[in-house]
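Per-entry structural report
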Amino acid sequence: MMSLNRNRPHFLRLLVNLKVKGEREKKVIRGIMSTGNALDEMTQGSNGVGGGVKDVYGEDSATEAQHITPWTVSVASGYTLLRDPHHNKGLAFTEKERDAHYLRGLLPPACLSQELQAKKFLATLRQYEAPLQKYIAMMDLQERNEKLFYKLLIDHVEELLPLVYTPTVGEACQKYGSIFRRPQGLFISLKDKGKILEILKNWPEKNIQVLVVTDGERILGLGDLGCQGMGIPVGKLSLYTALGGVRPSACLPITLDVGTNNEKLLNDEFYIGLKQNRATGKEYAEFVQEFMSAVKQNYGEKILVQFEDFANHNAFELLEKYRKTHLVFNDDIQGTASVVLAGLIASLKPLGGNLADHTFLFLGAGEAGTGIAELIAREMSNKTNAPVEEMRKKIWLVDSKGLVVSSRKESLQSFKLPWAHEAKPVTTLLEAVQVIKPTVLIGTSGKGKTFTKEVVEAMSSINSKPLILALSNPTSQSECTAEEAYTWSKGQAIFASGSPFDPVEYEGHTFVPGQANNAYIFPGFGLGLIMCGAIRVHDDMLLAASEALAAQVTKEHLAKGLIYPPYKDIRNISANIAAKVAEKAYELGLASRLPQPENLVKYAESCMYSPNYRNYR
Ligand SMILES: NC(=O)C1=CN([C@@H]2O[C@H](COP(=O)(O)OP(=O)(O)OC[C@H]3O[C@@H](n4cnc5c(N)ncnc54)[C@H](OP(=O)(O)O)[C@@H]3O)[C@@H](O)[C@H]2O)C=CC1
Ligand SMILES: CC(=O)C(=O)O
Ligand SMILES: [Mg+2]
């Protein structure tokens, strides 16, 4: 009661200021207001990124009958300090710090600056030939000295992103069992059913703002990797910090181990996960439900949950179910859609015309394909005022059985139905290109080498500047390479891919392929949600993010063939995306951090984590 009374003016102001649109949002806000946690959260200092709950150890909310964890907090020094990755500075500890923190003798005598440490690490890293070796070295550094890891990743993002993220993270997941050293997140398995809340409390950090969760069933285009999929949440969250500025201690990677149907893993004596087939149906749904309830109970209403690399037979349902009750975001469906739409908006400058003048053909009608298709249709509908159903008719998808058409309706999964247009069945991509005559070809099949020479040539004979996006990851699964796209189209194609390719020389001209990857969106998108205390994700926020990203593409980028800005500017790009997402959340009455900061870009920048060492007293 005391806490409620103390917060009453803030609480009332919030109710008055919230511009709540529909009844559904009103119910949501009322629900949040009825929990003590939300009020507590809102009274936390106004500096930095908010979120988390005050009763961090759950002691106040536990009944006397419930067991609690006896957490203690102490100041790290000496040997413990050197082994604490958040605070360890290695040879960068100053003489004074070495005296004050009992470090004498535990380090060699040299004192190095962080810059010199970074230079030294990079020189060693560059000597390794195999990308996986470099990945392991980066992970070791992250576990040893977190600030140095992020300093390097931020300052050398273009060089290091392909190591901690696609494509190398794919290989790391395939070999996760043998490179696994220390757990970098929470593994929650079917064996933990009934105890998920307790397990969340085992994680040492309490003020979590974003968690990325996978069940490992569709890891990139590599299929079911079970528990080994953990590399993906770990990598995505590294990007949340490096690219989006969310502090590392606020990020939690989680793998839900519900078994695997990967026979190779099931027969591998060293497999680190549950050796049983995947749980399905009621068992799966109840397990995820327990997890989602525990997450909200432990971290409050404003914890951002990013679903990552679930198979499509679960992904759409989970998103549909939990978007009503939690702050959830499916990166593969929504983040990918937003990044591709941004690239399309940017490419309208060299291509001319409007989005609605184009015809789109996808190879792959799953999460990424239908997610992108729907956002494009919405954007075209917004811009033309035509019904979204009309706009969908400009978009065609091919799946493993051929063109998605109305005569296949009986056997199609529900997420494909909006795309089952009237047309004759066609079984190959080449035929589909010849019949549909698309201006834009997008690969989301997870199958490499599917944009053949004939397909690219057909696209080039129909269009003077065909837009070709090969989104599947990792590189081995890319529908075609950058070199293939440029040479087969005789330099006509505008090309971007999910995994990075080097620039290509073709007839004296250097083409620079862009990287159409959701990594451009989710870090800034998440930062925007967190910094405004958003309570739900709305599709209009995805459109806002796309426009913010497209606005960062300059004439100079386009002249090189790039439809995305370079990653070296990503923190600035993320701040702009975050600002637009937060602005949209305020407009929709879905932001709870009040008052709204005047300059949202500056506010986003001020919220960002810095990897520079701090001085210790
Ligand atoms: N660049 C980026 O940011 C992102 C890239 N991706 C990549 O996109 C790929 C697909 O992901 P996602 O959509 O989630 O996967 P899904 O499994 O949901 O969808 C794959 C789709 O591809 C179809 N398909 C498979 N093989 C073929 C083939 N030989 N010919 C035609 N269609 C085929 C499937 O057909 P059917 O339905 O008949 O089985 C399905 O419709 C992955 O490689 C992933 O890494 C994903 C997210 C983001
Ligand atoms: C990039 C990504 O999210 C994927 O390939 O699944
Ligand atoms: Mg993914």
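Per an unreviewed UniProt entry, the protein chain goes by the name Malic enzyme and belongs to Chenopodium quinoa. Reading the Sequence similarities (unreviewed entry) entry of the UniProt record for the protein chain gives the comment "Belongs to the malic enzymes family."

**A closer look at the sheet that holds strand S5 (residues 327-330)**
If you trace the 5 strands from one edge of the open sheet to the other, you get S1-S3-S2-S4-S5, paired in parallel fashion. Among the strands making up the open sheet, the edge pair consists of strand S1 (186-189) and S5. Recorded for the sheet is a direction-independent mean angle of 25 degrees between the axes of neighbouring strands. One ladder, built from 4 bridges, connects S1 with strand S3 (residues 251-257); its direction is parallel.

**Points about the coordination of the magnesium ion (ligand 3)**
The protein atoms that coordinate the magnesium ion (ligand 3) are Glu-308 (OE), Asp-309 (OD) and Asp-332 (OD), at distances of 2.1 Å. Sequence spacing of the donors to the magnesium ion (ligand 3): E-D-x22-D. Pair check on accessibility: Glu-308 and Asp-309 agree, each one buried.

**Some thoughts on helix H8 (residues 146-155)**
For H8, a buried count of 9 out of 10 residues is recorded, marking the element as mostly surrounded by other parts of the structure. Residues Glu-146, Lys-147, Leu-148, Phe-149, Tyr-150, Lys-151, Leu-152, Leu-153 and Ile-154 constitute the buried set of H8. Elements in contact with the buried residues of H8: helix H6 (114-127), helix H7 (131-144), helix H9 (157-164), helix H13 (231-242) and helix H26 (570-587).

**Notes on the site of ligand 1**
Taken together, 26 residues surround ligand 1, and among them Arg-218, Asn-312, Ala-365, Ser-400 and Lys-416 come closest. At a separation of 2.8 Å, an oxygen atom of ligand 1 approaches a polar backbone atom of Ala-365. Ser-445 places a polar main-chain atom, nitrogen or oxygen, 3.4 Å from an oxygen atom of ligand 1. Notes on ligand 1: free accessible area 920 Å², of which the protein chains cover 85%. Those elements that provide at least two residues to the shell around ligand 1 are helix H17 (331-351) and helix H18 (367-384).

**Description of the pattern of salt bridges**
Across all of its chains, the model carries 34 salt bridges by this definition. As a salt-bridge pair, Lys-236 and Glu-308 come within 3.4 Å of each other at their nearest N and O atoms. Here the residue Lys-236 occupies a position in helix H13, and Glu-308 occupies one in the loop between strand S4 (304-307) and helix H16 (312-322), the gap between them amounting to 72 residues. There is no split in this pair, since Lys-236 and Glu-308 are both buried. Between Lys-393 and Glu-390 there is a salt bridge, with the nearest N and O atoms lying 3.0 Å from each other. Classification of Lys-393 by relative accessible area gives partly exposed; the value is 49%. Judged by relative accessible area, Glu-390 falls into the partly exposed class, the value being 40%.

**Things to note about the confidence of the model for the protein chain**
Of all residues in the protein chain, 90% attain a pLDDT of 70 or more, and the chain-wide mean is 91. Here residues 1-53 is a poorly scored stretch, pLDDT under 50, and it has 80 contacts once near neighbours within four places are set aside; other chains count. With a pTM of 0.90, the predicted complex shows an ipTM of 0.99.

Conventions adopted
- Residues numbered from 1 in each chain as written.
- Chains lettered and ligands numbered in written order.
- Predicted model: local features only at pLDDT ≥ 70, side-chain atom pairs only at ≥ 80, totals over all residues.
- Heavy atoms only, no water.
- UniProt positions renumbered as here; feature names shortened; annotations may be inferred.
- Pairing = 2+ DSSP bridges.
- Helix = DSSP H or I, 4+ residues; strand = E, 2+ residues; numbered from the N terminus.
- Axes fitted to C-alpha atoms, helices over the stretch in contact; angles between N-to-C directions.
- Donors = N, O, S within 2.8 Å, 3.2 Å for Na, K, Ca; no water.
- Buried < 20%, exposed > 50% of the residue type's maximum accessible area, 1.4 Å probe, protein only.
- Contact = heavy atoms within 4.5 Å.
- Near = heavy atom within 4 Å.
- Polar contact = N/O pair within 3.5 Å; in protein donor to acceptor, adjacent residues only side chain to side chain.
- Areas by Shrake-Rupley, 256 points an atom, 1.4 Å probe, with all protein chains shown as cover.
- Salt bridge = Lys/Arg side-chain N within 4 Å of Asp/Glu carboxyl O.
- pLDDT = per-residue confidence, 0-100.

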